[in-house]
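Chain by chain, the residues:
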Amino acid sequence: MKYLLGLAAALIATPVMAQQADQSNETGSSIGGFRIEAHAGIERPNLNDSAGGVTYVAKLGSAFAYGAEIGYDVPVSGNFTVGPFVSYDLASSDICDSGTIPAGNITVCFDAKSNITAGLRGAFATGTRGELYASLGYAKYDYDYAEVVRNGLNQVVSSYASSDGDEGIDVGFGYNHMVTENIYAGLGMRVTELGHFEGTPVKLQRFQGQVNIGARF
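This write-up is about the structure you can find in this document. Fair warning: this is a prediction, and the values are worked out from it, not measured in the lab.

### Some points on the packing of aromatic side chains
Taken as a whole and judged by the stated rule, the model has eight aromatic pairs. Arranged with centres 5.9 Å apart and planes meeting at 25°, the rings of F64 and Y66 form a pair that is stacked. Feature note: the residues F110, Y141, Y143, Y145, Y160 and F197 constitute an aromatic cluster, connected by ring pairs. A cation over an aromatic ring shows up here: R44 above the ring of F207, its NZ or CZ 5.1 Å from the ring centre.

Structure (structure tokens):
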């Protein structure tokens, strides 16, 4: 978490950024400066396994997700900004499934909790009121995972539970439009590659489509 806190702290150190933001006003572009937003949409975590040249994808449910983001966009040219951000989301994606293995019958359950991402965001102004943006960050995705194996007599043979989560790279992109002098709205997509799930060769991925509503100051 140290790197997440370090990037979050970068949002506070803005004296130079503020000076550059004032310069952006000369271009007529409304992007740039401190911003805070709320977003909501659909989250879909997947398990992805490639074996023998064939890719297998297993959905881990899908659910409503919502959260908030803060950031500071520094103008580096008349139409382009870049700056740090921190985003936090809550979701309730969950699934329980059963199957048969040599040791008996197995039940596995996955329950998503939250996702925090910190990184850098770049945006390109489209006219004076719109922006196309892309972001790159490091994410921590928390979830509960449990598996129970029972024999033919329904007796528990083995069990495993985890409440930690995985970390990985988060990529986002989308479009925002200023609807008033300070308020913007838009659409976005985020993809998170979270590495190997619970120490297995199977990879965990997270997809989120969202609607953004934010304010600039």
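Structure's up, so let's keep going.
### So, the state of the cysteines
Following the criterion strictly, the structure yields one disulfide and no others. In this model, C96 is linked to C109 through a disulfide, with the two sulfur atoms separated by 2.0 Å. In this structure the cystine formed by C96 and C109 twists about its S-S bond by roughly 120°; its chirality is therefore right-handed. With a gap of 13 residues between them, C96 in strand β5 (residues 94-101) and C109 in strand β6 (residues 104-126) connect regions that are remote in the sequence. Classification of C96 by relative accessible area gives exposed; the value is 53%. Given the relative accessible area of 25%, C109 is considered partly exposed.

### As for the environment of T117
In this structure, T117 sits in strand β6. With relative accessibility at 0%, the residue T117 sits in the buried group. Sequence separation of T117 and I169 is 52 residues, and the distance between their C-alpha atoms is 8.8 Å. The residues touching T117, leaving out its near neighbours within four places in the chain, are F85, V86, S87, G137, Y138, A139, D170 and R190. Polar side-chain contacts of T117 include one of 3.1 Å to the side chain of N115.

### A look at the side chain of R216
Residue position: R216 is located in strand β11 (residues 203-216). We classify R216 as buried; its relative accessible area is 4%. Within the structure, the side chain of R216 is placed 3.3 Å from the side chain of E131, a separation counted as a polar contact.

### Considerations on the nonpolar core
One finds L47, L60, F110, A112, Y141, Y143, Y145, L194, F197 and L204 forming the largest nonpolar core, which totals 10 residues. Elements with a minimum of two residues in this core: β6 and β7 (130-150). Per-element accounting of this core gives the leading share, three residues, to β7. Dropping the residues within four chain positions of it, Y145 is found in contact with V108, C109, Y160, A161, S162, F197 and E198.

Parameters and conventions
- Residues numbered from 1 in each chain as written.
- Predicted model: local features only at pLDDT ≥ 70, side-chain atom pairs only at ≥ 80, totals over all residues.
- Heavy atoms only, no water.
- Phe/Tyr/Trp six-rings, centres within 6.5 Å; stacked < 30°, edge-to-face > 60°.
- Lys NZ or Arg CZ within 6 Å of the ring centre and 35° of its normal.
- Disulfide = S-S within 2.5 Å.
- Helix = DSSP H or I, 4+ residues; strand = E, 2+ residues; numbered from the N terminus.
- Buried < 20%, exposed > 50% of the residue type's maximum accessible area, 1.4 Å probe, protein only.
- Contact = heavy atoms within 4.5 Å.
- Polar contact = N/O pair within 3.5 Å; in protein donor to acceptor, adjacent residues only side chain to side chain.
- Core = buried A, V, L, I, M, F, W, Y, C linked by side-chain atoms within 4.5 Å.

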